[in-house]
Amino acid sequence: MEQLTETQAIDPVIQQSQNRLGQRPVRPFRVLGQPAFILHSYPYKETSLIIDVFSRQFGRIALVAKGAKRPHSQLRGALQTFQPLTLSWSGKSDLQTLTGAEWVGGMPPLEKNALLCGFYLNEIIVKLLQRDDPQPLLFDEYVSTLNQLAHIEPVPILLRRFELNLLKMAGVVNDLSYCTRQRCRVSSDILYVVDPESGTRPAQDSDNGIKVHGKTLIDMQAGDYADVATQMQSKLLMRSLLAHHLHGNPIYTRQILMDLQNL
């Protein structure tokens, strides 16, 4: 069993539904052995850390790792980014207490540009995914993407796939290959715009935003980025959508990646 609670198990589907309705999710008092990754950490008081965690069944949560900065702390070596962990924690407040961390292993380390790409994934997850919103499918894709980055798979394609799926899981993007207002599928040879609020529609001469061919949207929806035109148009489209949903807040790691390899 992936996690246990002191009372009864919390159904992630029910919890996710509560989040979608804007209700505060029920927090279990204690969770044991939950698959998770560290997204970000920062100092807390003199000897502790606050860690932003992406867990499989509970989504993003904030934990305080007491004493993790001490030289001989057992947590010090375990709390590393991009390494699969099983974490245990307890508490009912927004900031719960880490009670255990074990390294699972089995994942090669990220190096060079792949490492920067990993930090990019972490940054957009932190900025786009609400806390306490279980996303087990996105968690599995995150694991898969890290593995593929470590094996030097085509980086732009991996990032475009993850960006789109993250926006979908965050509930801000729907099926790009479907025109909501016209209630029809896109045509491969027609130009479209993707309105961040209302979805895909045929492009008009007066549109100043990013215009993409229907084939690009069909390819993106299918996860097929083999076409060079799809790669170029999807890059511009995803930049535009991310900028809108982040309200113009910069993505620092992407700027570094753009400077290095024009992603």
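What counts as what
Along each chain, numbering runs from 1 in the same order as the chain's sequence is written. Per-residue local features of the predicted model are confined to residues with pLDDT of at least 70, and side-chain atom pairs are confined, for both listing and counting, to 80 or more; whole-chain, interface and lining totals are unaffected and use all residues. As a rule here, side-chain values come from all non-hydrogen atoms in the structure, and water together with hydrogens is ignored. Comment: axis = line fitted to C-alpha atoms, over the contacting stretch for helices; angle = value between 0 and 180 degrees taken between N-to-C directions. Here a strand is any run of E in DSSP of at least two residues, a helix any run of H or I of at least four, and the numbering for each starts at the N terminus. Here the word oblique covers every angle except those under 35 degrees (roughly parallel), over 145 (roughly antiparallel) and from 65 to 115 (roughly perpendicular). Contact definition: two residues touch when any of their heavy atoms are within 4.5 Å. Amino acids outside the nonpolar list (Ala, Val, Leu, Ile, Met, Phe, Trp, Tyr, Cys, Pro) and the charged list (Asp, Glu, Lys, Arg) are all regarded as polar, and Gly is one of them. Using a 1.4 Å probe on the protein chains alone, a residue whose accessible area is under 20% of its type maximum counts as buried, one over 50% counts as exposed, and one in between counts as partly exposed. When two cysteine sulfur atoms are found within 2.5 Å, that pair is recorded as a disulfide. Following DSSP output, two strands are said to pair if at least two bridges run between them. The predictor rates its confidence in each residue with pLDDT, a number between 0 and 100. Left-handed describes a crossing in which the near helix is turned anticlockwise from the far one by less than a right angle; the clockwise case is right-handed.

**Student:** I'd love a proper account of the packing of helix H5 (residues 214-222) against helix H6 (residues 228-245), names of residues and values included.
**Tutor:** The angle between the axes and the distance between the axes are what describe a pair of packed helices. Direction vectors running N to C along H5 and H6 enclose 85°, while the axes themselves pass 9 Å from each other. Accordingly, the angle class assigned to the pair H5 and H6 is roughly perpendicular. Residues Lys215, Thr216, Leu217, Asp219 and Met220 of H5 lie in contact with H6, whose contacting residues are Ala229, Thr230, Gln233, Ser234, Leu237 and Met238. For the contact of H5 with H6, the class distribution of residues is five nonpolar, four polar and two charged.

**Student:** Could you give an account of unusual backbone geometry, with specific residues and numbers?
**Tutor:** A positive phi is found at Lys112, a non-glycine position, where the angle reads about 50°. Here Lys112 lies in helix H2 (residues 112-128). Residue classification places Lys112 among the exposed residues on the basis of a relative accessible area of 73%. In the Ramachandran plot, Asp132 falls in the positive-phi region, its phi being about 60° despite a non-glycine side chain. Topologically, Asp132 is positioned in the loop between H2 and helix H3 (136-150).

**Student:** Explain the state of the cysteines to me, and be specific about the residues and the numbers.
**Tutor:** With the rule as written, the count across this model stands at zero disulfides. Cysteine Cys184 shares no disulfide, and the gap to the nearest cysteine sulfur, in Cys179, comes to 4.6 Å.

**Student:** So what about the pairing of strand S9 (residues 199-202)? Which residues, and what values?
**Tutor:** With four bridges connecting them, strand S8 (residues 191-195) and S9 associate as antiparallel partners. Note on S9: the bridge partner recorded for Val194 is Thr200. Linking S8 to S9, which pair antiparallel, is a turn of three residues.

**Student:** Run through the environment of Phe54, naming residues and quoting values.
**Tutor:** With respect to the helices and strands, the residue Phe54 is situated in strand S2 (residues 48-55). In this structure, the C-alpha to C-alpha distance between Phe54 and His40, residues 14 residues apart in sequence, is 9.6 Å. Among residues more than four places away in sequence, those in contact with Phe54 are Pro35, Ala36, Phe37, Leu39, Gly59, Arg60, Ile125, Leu129, Gln135, Leu138, Phe139 and Tyr142.

**Student:** I'd like a description of the confidence of the model for the chain, backed by residues and values.
**Tutor:** Predicted coordinates in regions of low pLDDT should not be interpreted in detail. In the predicted model, the chain carries a mean pLDDT of 87, and the fraction of residues at 70 or more is 87%. Per-residue pLDDT stays below 50 along residues 1-22; that stretch engages in 45 contacts with residues further than four places along the chain or on separate chains.

**Student:** Provide a residue-level description of the sheet that holds strand S4 (residues 85-90), including the pertinent values.
**Tutor:** If you walk around this closed barrel you meet the five strands as S1-S2-S3-S5-S4, and the pairing is mixed. In this sheet, neighbouring strand axes are inclined to one another by 55° on average, regardless of whether the strands run parallel or antiparallel. When S4 meets strand S5 (residues 95-103), the two strands line up antiparallel, connected through six bridges. Looking at the pairing, Thr86 lines up with Glu102 of S5.

**Student:** I'd like a rundown of the packing of helix H4 (residues 155-169) against H6, residues and numbers included.
**Tutor:** The interhelical angle for the contact between H4 and H6, taken along N-to-C directions, is 40°, at an axis separation of 10 Å. By the criterion of interaxial angle, the relationship of H4 to H6 is oblique. Once H4 is placed against H6, the crossing between them reads as left-handed. Of the residues in H6, those touching H4 at Ile157, Arg160, Glu163, Leu164 and Leu167 are Gln231, Ser234, Lys235, Met238, Leu241, Leu242 and His245. Each residue belonging to the contact of H4 with H6 can be placed in one class, and the counts come to six nonpolar, three polar and three charged.

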